Amino acid sequence: MKFTDFFKKKSSGETAKDRLKMVLVSDRTNCSPEIMEKIRSDILEVLSKYAEVDKEALELKITNVETDDKGTERPALYANIPIRNIHHTAK
Amino acid sequence: MAQPVSIKGTKNGIILVLDKDIPYEELRRDIASKFAEAASFLGKNKMGLMVRGRRLNDAEQEDLLEIIKGNSDLDIVCILDEDHPLDNAFVKAVRSTPHHVETVQPQALRPTELTPEEKNKLLSEAYTDAYEAAFQQLGDANARIHVGNLRSGQEIVSEHSLVIFGDVNPGGSVISAGSIFVFGALHGTAFAGATGDANAFVMAMDFNPLQVRISDAIAVSDDKKTVKESGGLLSRRRKKAVAGGPEVAYTYQGAIARSAYDRQFLMSNKFFK
Amino acid sequence: MGEVIVVTSGKGGVGKTTTTANVGMGLSMLNKKVVLVDTDIGLRNLDVVLGLENRIVYNLVDIVEGNCKLAQALIKDKDNNNLFLIAAAQQRDKNAVNEEQMVKLTEELKKKFDYVIVDCPAGIEQGFKNAIAGASKAIVVTTPEVSAVRDADRIIGLLEANEMKEVQLIVNRLRPDMVKRGDMMSADDVVDVLAVNLLGIVPDDEEVVVATNRGEPLAGNTKTMAGQAYMNICRRLTGEQVSFLDLDSKKGFFSRLFGK
């Protein structure tokens, strides 16, 4: 590697580290289908105490969002739960 | 074997061979006398019974048990016939054979260093009868023939003697209640006389096993040799071509001996008459 | 009571079995009584690395199925009276054993040995579950490559989910010359990404291949860098504080300066 190359590109070791970091973020946040199903049923169980929920239309996903102005990404849970009717008294 | 009825003992049970052409009614007397003859030898044991040569119906089986009970002290705990999924039952029997040693301390499988006189004496006197018996058993045991190589993880188990046309690679294993003949290279594990027959033997054209077991005896390949020969297949092949010649392993004074499978071995067994 | 340690990695071919053999050998040289358990049923290799392949009569499945007594399946090492092996069955598959049986076995072994070291198969299926079942400590082996580190991360996640008390990392086959050039991640890089404790760094060493050819692990062979590295790992396992090897000491200063 020539001295001038330092200004052109990162070493392959550094590239490896950066790529790994990216891959691991998505690996770690990518929940298995079973876990997603469990989260889904737990949320439904809790919510149905207070409201009548459209179980079929429930949407659940984990995505990365920027949490600060430096652009750091963190996983976040998004849920879209259509409510049909709210119970007036909690069970 | 012209006898209409014969009995063979193995470690876990007895095999009763019946003539397939003579009606059962006519065999009853022979069965009774055979068991009466062998009663003292068979002793007072719990055993499994395997009927070979013909199928018996329920009534005949019950009758057979009565005959055995009346003529010996044996306690027959189960009956298997030839069509039974034998291999499974056999595999289980072999696997559960309790071994006498606490921790395994096998001997090294080196060529037995005997003078020609000693070898002659060993093979002709003390063992001739035993080997003749073993050969005879081979003659009527429907030896199983396998064509093809046995690779690592593959295993053949048989209650009959085994003939392999192919190689047994390291990690492959051959298990037989009788003897084992490998018409190829034996580089894996061979277990002959798996149900206790110490007269069984193992023969291979290229005899270089990791481990040989005959009945209760175990021998393993020489560690030093393993090191030298780990240099790759090519060097191994070349060495074989030089060493050459089929070899045989058999038990001698409770340990496993190894020698060339030559005319001397065959002659001493009265194989040629 | 002894300690049960599982050696795992996720990815195959990073050196789990070599590590298991060397850690076992090294600990036994420190006068610890050690048993190595190969759980890679169907694809066993630990026996060959230790040069004990010709001594196997009974194996892990035989113990579990009650075909033999535990003592009968313990294969003593060629030269080392403190080191024993329980081989995997070659004729069966991973489902021949379950987690409960492994817990029972390791409990039994713990009573007799200072260290029970379990060699885990590659992958995250039944074999992995069996291997970690009775362990209280895990050694994760990785090489400084993206694929191996990624799988190590997955494994660490699974170990944590299974409430493994302690997880430590070995970075295997590191090439100091490549790290210097910037063409390989350093052990620090890997530790930084995975965020676990580092147990040791083993340099890429031809002698490891030679030792495997011979069936004699090189732990404790102070003439080789890898042999020293494994011995240091063993000392750390016994609680000793040992500083990390200077992997560059072999390469002369001038060769580094002028070499490619």
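In case you missed it, the structure is sitting above this.
Rules used in this analysis
- Residues numbered from 1 in each chain as written.
- Chains lettered and ligands numbered in written order.
- Predicted model: local features only at pLDDT ≥ 70, side-chain atom pairs only at ≥ 80, totals over all residues.
- Pairing = 2+ DSSP bridges.
- Helix = DSSP H or I, 4+ residues; strand = E, 2+ residues; numbered from the N terminus.
- Contact = placed C-beta atoms within 7 Å.
- Axes fitted to C-alpha atoms, helices over the stretch in contact; angles between N-to-C directions.
- Nonpolar A, V, L, I, M, F, W, Y, C, P; charged D, E, K, R; others polar.
- Buried ≥ 20, exposed ≤ 12 C-beta atoms within 10 Å, placed from the backbone.
- Right-handed = clockwise from strand over helix to strand, strands pointing away.

Draft legend 1. Expanded view of the sheet that holds strand S7 (residues 166–174) of chain C. Residue and element names in this part refer to chain C. Read across the sheet, eight strands follow the order S3-S4-S2-S5-S1-S6-S7-S8 without closing on themselves; strand pairing throughout is mixed. Unpaired on one side and paired on the other, strand S3 (75–76) and strand S8 (197–203) mark the two borders of the sheet. Bridging between strand S6 (residues 137–142) and S7 involves six bridges; their strand directions are parallel. Residue pairing across strands places Ala 138 opposite Val 167, the latter belonging to S7. Relative to strand S5 (residues 115–119), helix H1 (residues 16–29) is tilted by about 170°, and along the sheet it contacts strand S1 (3–8), strand S2 (34–38), strand S4 (83–86), S5, S6 and S7. Seen against the sheet, helix H5 (residues 99–112) touches S1, S2 and S5 and runs at an angle of roughly 145° to S5.

Draft legend 2. Molecular detail of the sheet that holds strand S16 (residues 255–260) of chain B. Residues and elements named next belong to chain B. Taken together, the six strands give an open sheet; going across it, the order is S6-S8-S10-S12-S15-S16, and neighbouring strands pair in mixed fashion. Of all the strands in the sheet, just strand S6 (144–147) and S16 have a single pairing partner and so form its edges. Ignoring strand direction, the axes of neighbouring strands in this sheet form an average angle of 25°. As paired elements, strand S15 (residues 247–252) and S16 share six bridges and run antiparallel to each other. Looking at the pairing, Val 248 lines up with Ser 259 of S16.

Draft legend 3. The arrangement of the environment of Lys 94 of chain C in detail. Residues and elements named next belong to chain C. You can see Lys 94 is positioned in the loop between S4 and H5. Counting along the chain gives 52 residues from Lys 94 to Gly 42, while the straight-line C-alpha distance between them is 7.1 Å. Apart from the residues within four sequence positions on either side, Lys 94 is in contact with Ile 41, Gly 42, Pro 121, Glu 125, Gln 126, Gly 127 and Asn 130.

Draft legend 4. How the structure looks around the interface of chain A and chain C. The partner chain C presents 14 residues to the 14 residues of chain A that form the contact. Of the residues that constitute the side of chain A that touches chain C, the class distribution is five nonpolar, three polar and six charged.

Draft legend 5. Highlighting the pairing of S6 of chain C. Residue and element names in this part refer to chain C. Taking burial as the measure, the six residues of S6 include five buried ones, the bulk of the element. Of the strand pairs in this sheet, S1 and S6 are connected by four bridges, and their pairing is parallel. Across the sheet, residue Val 7 finds its bridge partner in S6, namely Ile 139. Remark: the S6/helix H7 (residues 146–161)/S7 crossover connection has right-handed handedness.

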